[in-house]
Amino acid sequence: MIGYKLRATTREGWGEYIVENLNLFLIDHAACERKASSSAMHFVVKYPDKIELVDRMITIAREELEHFQQVVGLIRDRGLEFSKDTKDPYVGRLMKHMSDGIDGRFMDRLILGSIIEFRGCERFVLVSKALAQSDPELSEYYKVLAAEESKHRGDFIEMACLYFDEAKVKKRLDELLDIEAEIINDLPNRPALH
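Quantities reported herein were computed from a predicted structural model and do not represent experimental measurements.

The rules we used
- Residues numbered from 1 in each chain as written.
- Predicted model: local features only at pLDDT ≥ 70, side-chain atom pairs only at ≥ 80, totals over all residues.
- Heavy atoms only, no water.
- Helix = DSSP H or I, 4+ residues; strand = E, 2+ residues; numbered from the N terminus.
- Rg over C-alpha atoms; globule rule 2.2 N^0.38 Å.
- Buried < 20%, exposed > 50% of the residue type's maximum accessible area, 1.4 Å probe, protein only.
- Contact = heavy atoms within 4.5 Å.
- Areas by Shrake-Rupley, 256 points an atom, 1.4 Å probe, with all protein chains shown as cover.
- Lys, Arg positive; Asp, Glu negative; His and termini not counted.
- Charge placed at Lys NZ, Arg CZ, Asp CG, Glu CD.
- Salt bridge = Lys/Arg side-chain N within 4 Å of Asp/Glu carboxyl O.
- Polar contact = N/O pair within 3.5 Å; in protein donor to acceptor, adjacent residues only side chain to side chain.
- Expected span 1.5 Å × (residues − 1).
- Phe/Tyr/Trp six-rings, centres within 6.5 Å; stacked < 30°, edge-to-face > 60°.
- Lys NZ or Arg CZ within 6 Å of the ring centre and 35° of its normal.
- Core = buried A, V, L, I, M, F, W, Y, C linked by side-chain atoms within 4.5 Å.
- Axes fitted to C-alpha atoms, helices over the stretch in contact; angles between N-to-C directions.
- Parallel < 35°, antiparallel > 145°, perpendicular 65-115°, else oblique.
- Left-handed = near helix turned anticlockwise from the far one by under 90°.
- pLDDT = per-residue confidence, 0-100.
- Disulfide = S-S within 2.5 Å.

## Comments concerning the overall build of the protein
The helix and strand tally for the protein stands at seven helices and zero strands. When the helices and strands of the protein are placed in sequence order, the string is α-α-α-α-α-α-α. The C-alpha atoms of the protein give a radius of gyration of 16 Å, which matches the 16 Å a tight globule of 194 residues would have. On the principal axes, the C-alpha backbone points of the protein span a range of 45 × 30 × 30 Å. Relative to its full complement of 194 residues, the protein shows a buried share of 47%. Long-range contacts, defined here as pairs at least 24 residues apart, represent 85% of the contacts in the protein between residues at least 6 apart. Counting every atom, the protein has about 10,100 Å² of accessible surface; 52% of that belongs to carbon and sulfur. Averaging the locations of the 28 positively and 35 negatively charged side chains of the protein gives two centres separated by 4 Å.

Below, the structure is given as structure tokens:
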């Protein structure tokens, strides 16, 4: 499997900003988990002939849906209401860089799935650290969640290498990591995962 690192780290102070806007962050986080589950199921619907992919994506969809349920519980425990989704500028900008053609789009969706999961893991760790003093229980939840989600980034890259030449995946991953770094450095702080 291809190992890699993100090219840019989240700006300093982001975790503290999220703690100050925790209620809004939780609502966005729930939406992200729901979208991640839906995205995994999109692969199942779109590529039913790819058995390994279908099996892996069903597992991811279930796990993401479980995370969604957990975060909805956190929202309700705080007396908040789950609200309609808003567009995610981070994901929207990444998707504008997808390749043309069926195979190119398929490979890019897998690679971007990995990158988005990786960024989410990085940020869950930051949230966990920022909550360590004020809410140790929620801090621990995000620490555990980061570890669980970390597996998904590997799943997506592994699937890309199963269906495409590894050298081609590495080359495209390299390009998309540069693009992702530019996007993450350009976007302002929002009370959101991305």
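Still to come is the rest of the account.
## Comments concerning the pattern of salt bridges
Side chains that carry opposite charge are capable of pairing whenever their charged atoms lie near each other. Enumeration according to the criterion identifies 13 salt bridges in this entry. A salt bridge links Arg-93 to Asp-186, with the nearest nitrogen and oxygen atoms 2.7 Å apart. Of this pair, Arg-93 sits in helix α4 (residues 89-95) while Asp-186 is found in helix α7 (residues 166-186), placing the two residues 93 residues apart along the sequence. Given a relative accessible area of 29%, Arg-93 falls into the partly exposed group. The closest approach of N and O atoms between Arg-119 and Glu-122, which form a salt bridge, is 2.8 Å. Taken together, the residues span about one helical turn, with Arg-119 and Glu-122 both in helix α5 (residues 102-131) at a distance of three residues.

## Things to note about the side chain of Asp-108
Mapped onto the elements, Asp-108 comes out in helix α5. There is a polar contact of 2.9 Å between the side chain of Asp-108 and the side chain of Arg-172. In this view, Asp-108 contacts His-97, Met-98, Ser-99, Arg-172 and Leu-176; residues no more than four positions away in its chain are not counted.

## Concerning helix α3 (residues 51-77)
Taking 1.5 Å per residue as the helical rise, α3 with its 27 residues ought to reach 39 Å, and the 39 Å between its terminal C-alpha atoms agrees with that figure. The set of residues buried in α3 consists of Leu-53, Val-54, Met-57, Ile-60, Ala-61, Glu-64, His-67, Phe-68, Val-71, Val-72, Leu-74 and Ile-75. Against the buried residues of α3 lie α2 (22-46), α5 and α6 (136-163). Gly-79 sits one or two positions beyond α3 and adopts a positive phi of about 75°.

## Focus on the packing of aromatic side chains
In the structure shown here, the tally under the stated rule is twelve aromatic pairs. Among the aromatic residues, ring-to-ring pairing joins Phe-43, Tyr-47, Phe-106, Phe-156, Tyr-163 and Phe-164 into one connected group. Over the ring of Phe-118 we find Arg-153, and its NZ or CZ is 3.8 Å from the ring centre.

## Brief notes about the nonpolar core
Residues Met-57, Leu-110, Ile-111 and Ile-115 are the most contacted members of the largest nonpolar core, which totals 38 residues. Among the elements of the structure, α2, α3, α4, α5, α6 and α7 are those that each provide at least two residues to this core. With near-sequence residues (within four places) excluded, Ile-111 lies in contact with Ile-157, Ala-160, Val-169, Arg-172, Leu-173 and Leu-176. Ranked by size, the runner-up nonpolar core spans 22 residues in total, among them Ala-30, Cys-32, Leu-74 and Tyr-142.

## Side note on the packing of α3 against α6
Look at α3 against α6: their axes get within 11 Å of each other, and the N-to-C directions meet at 160°. By the angle between their axes, α3 is roughly antiparallel relative to α6. Relative to α6, α3 is oriented so that their crossing is left-handed. Where α3 approaches α6, its residues Ile-51, Glu-52, Leu-53, Arg-56, Met-57, Ile-60, Glu-63, Glu-64, His-67, Gln-70, Val-71 and Leu-74 are matched on the opposing element by Leu-138, Tyr-141, Leu-145, Glu-148, Glu-149, His-152, Asp-155, Phe-156, Glu-158, Met-159, Leu-162 and Tyr-163.

## Digging into the confidence of the model for the protein
Summing up the model confidence of the protein, the mean pLDDT is 96 and the portion of residues at 70 or higher is 100%. Mean pLDDT per element in the protein: α6 is the minimum at 96, and α7 is the maximum at 98.

## Structural notes on the state of the cysteines
Under the defined criterion, the tally for this structure stands at zero disulfides. Its sulfur unpaired, Cys-32 is 13 Å from the next cysteine sulfur, which belongs to Cys-121. You can call Cys-32 buried: its relative accessible area is 12%. On the accessibility criterion, Cys-121 (7% relative accessible area) is buried.

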